[in-house]
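Inside the fold
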Amino acid sequence: MVSITPGEISTGKLHQYLLGAVGPRPIAFASTLDEQGRPNLSPFSFFNVFGSNPPTLIFSPARRGRDNTVKHTYNNAKATKEVVINIVNFEMVQQMSLSSTEYGEGINEFEKAGLTMLRSELVKPFRVAESPVQFECKVKEVVELGQEGGAGNLIICEVLKMHIKEEILDENGFIDQHKIDQVARMGGNWYTRANMGMFEVPKPLSTLGIGVDSISAEIRDSKILTGNDLGKLGNVERLPSEEEIQGYLKENSEIAKLIKSGDINKIHLKAQELLKAENPETAWKILLAK
């Protein structure tokens, strides 16, 4: 492995490594007003949600590494204590990227990017009308992490009002993760489109899994089964009984022949197929059959 100690390489190189490793990162498309009331709009991928009571979002307009200057968004949020955080979807990703251009102070990035200013209800900064979700926020605190180039500035925001486009909701009134079609930042020029690569993983909290430590060494040391496969096997509540295993074999003669062959790799490959189909209970019947 390449081991890196911060301080022994340039801030620029460290920045690239950090952004290449930590991702995908959600994007805070932050709208602010300066003290003269002029709109500003800029995206930040140092961003996430940090609580729901009170609803808290934090993003960081970091100091520029090359010259230690700060973003207009930072100055505006610190001075006016208000911001609107807009969520970015695929339909607006190019306009969002254009808005990140370092236009001069007072230049309206809404206009430069061709985005629509929508009046907020509780704060002064405008919402991005094209955004699928918009958060009107008050700035609770600004935490400066340093004074050198590359240092972060945490803008801690409390959500006062949330606006959600109806077309991204599911039949239960919640946000449909496919319809929202979010994008996220990776390293360099790379982005990722969330709904093109989504998959479900059952939360361990819903069941008390047996754990990977309860799996026999023969299975744990498989040349076929991966760590993800073992994770699925360890997330079942109980192992099948001998009666259940034999009943399954009686109903599946081809599987019974496979078990009788004693070919461990082929048996594990078949179990892996079932795990990919999200059927760990049946995979266990094959793995435990004798």
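For the structure itself, consult the block above.
Numbers given for residues are sequential positions, taken from 1 along each chain in its written order. In keeping with the predicted nature of the model, local features appear solely for residues at pLDDT of at least 70, side-chain atom pairs appear and are counted solely at 80 or more, and the whole-chain, interface and lining totals rest on all residues. With hydrogens and water stripped out, all remaining heavy atoms of the structure feed into the side-chain values.

Overview of a nonpolar patch on the surface
Only residues whose relative accessible area exceeds 30% and that form no salt bridge are eligible for patches; like-charged ones are grouped when within 9 Å, while nonpolar side chains (Val, Leu, Ile, Met, Phe, Trp, Tyr) are grouped when within 5 Å. Method for areas: the Shrake-Rupley scheme with a 1.4 Å probe, in which residue coverage is limited to the protein chains shown. Salt bridges are identified by distance alone: a Lys or Arg side-chain nitrogen within 4 Å of an Asp or Glu carboxyl oxygen. A cluster of nonpolar residues, Val2, Ile4 and Tyr17, forms a patch on the protein surface that exposes about 320 Å² of accessible area. A run of H or I in DSSP counts as a helix once it spans at least four residues, and a run of E counts as a strand once it spans at least two, with each numbered from the N terminus. Following the sequence through the fold, tyrosine 17 ends up in helix α1 (residues 11-21).

Regarding the sheet that holds strand β2 (residues 39-44)
Across the sheet, seven strands lie side by side as β2-β1-β5-β8-β9-β4-β3; this open sheet has antiparallel pairing. Two strands in the sheet have a free side with no partner beyond their single neighbour: β2 and β3 (47-52). Within the sheet, the average angular offset between the axes of one strand and its neighbour, ignoring direction, is 30°. We treat two strands as partners when DSSP finds at least two bridges between them. The pairing of strand β5 (residues 82-87) with strand β8 (residues 133-144) spans five bridges and is classified as antiparallel. Following the sheet pairing, valine 83 is matched in β8 by cysteine 137. The sheet contacts of helix α2 (residues 72-80) involve β1 (28-33), β2, β4 (55-59), β5, β8 and β9 (153-164), and relative to β1 the element is tilted by about 55°. Only C-alpha atoms enter the line fits that serve as axes; for helices the fit covers just the stretch in contact. Angles between N-to-C directions range over 0 to 180 degrees. Every residue pair with non-hydrogen atoms within 4.5 Å of one another is taken to be in contact.

Comments concerning the nonpolar core
Counting 21 residues, the largest nonpolar core has Ile219, Leu233, Leu249, Ile259, Trp284, Ile286 and Leu287 as its most contacted members. Elements with a contribution of two residues or more to this core: α6 (227-233), α7 (242-251), α8 (253-261), α9 (264-276) and α10 (280-288). Not counting chain neighbours up to four residues away, the residues in contact with isoleucine 286 comprise Tyr248, Ile255, Ile259, Ile267, Lys270 and Leu274. What is meant by a nonpolar core is a set of buried Ala, Val, Leu, Ile, Met, Phe, Trp, Tyr and Cys residues, joined one to another through side-chain atoms within 4.5 Å. When a residue's accessible area, from a 1.4 Å probe over protein chains only, is under 20% of the maximum for its type it is buried; when over 50% it is exposed; and in between it is partly exposed.

A few points about the environment of lysine 138
The residue lysine 138 is located in strand β8 in this model. Classification of lysine 138 by relative accessible area gives partly exposed; the value is 34%. Separated by 61 residues in the primary sequence, lysine 138 and alanine 77 have C-alpha atoms spaced 8.9 Å apart.

Re unusual backbone geometry
The residue after glycine 23, namely proline 24, is reached through a cis peptide bond having omega -5°. The residue proline 24 is located in the loop between α1 and β1 in this model. Of note, the bond from asparagine 53 into proline 54 is cis; its omega dihedral lies within 30 degrees of zero at 5°. Its identity is not glycine, yet asparagine 68 carries a phi of approximately 65°, on the positive side. Relative to the helices and strands, asparagine 68 is located in the loop between β4 and α2. With a phi angle near 60°, glutamate 278 is a residue other than glycine that sits in the positive phi range.

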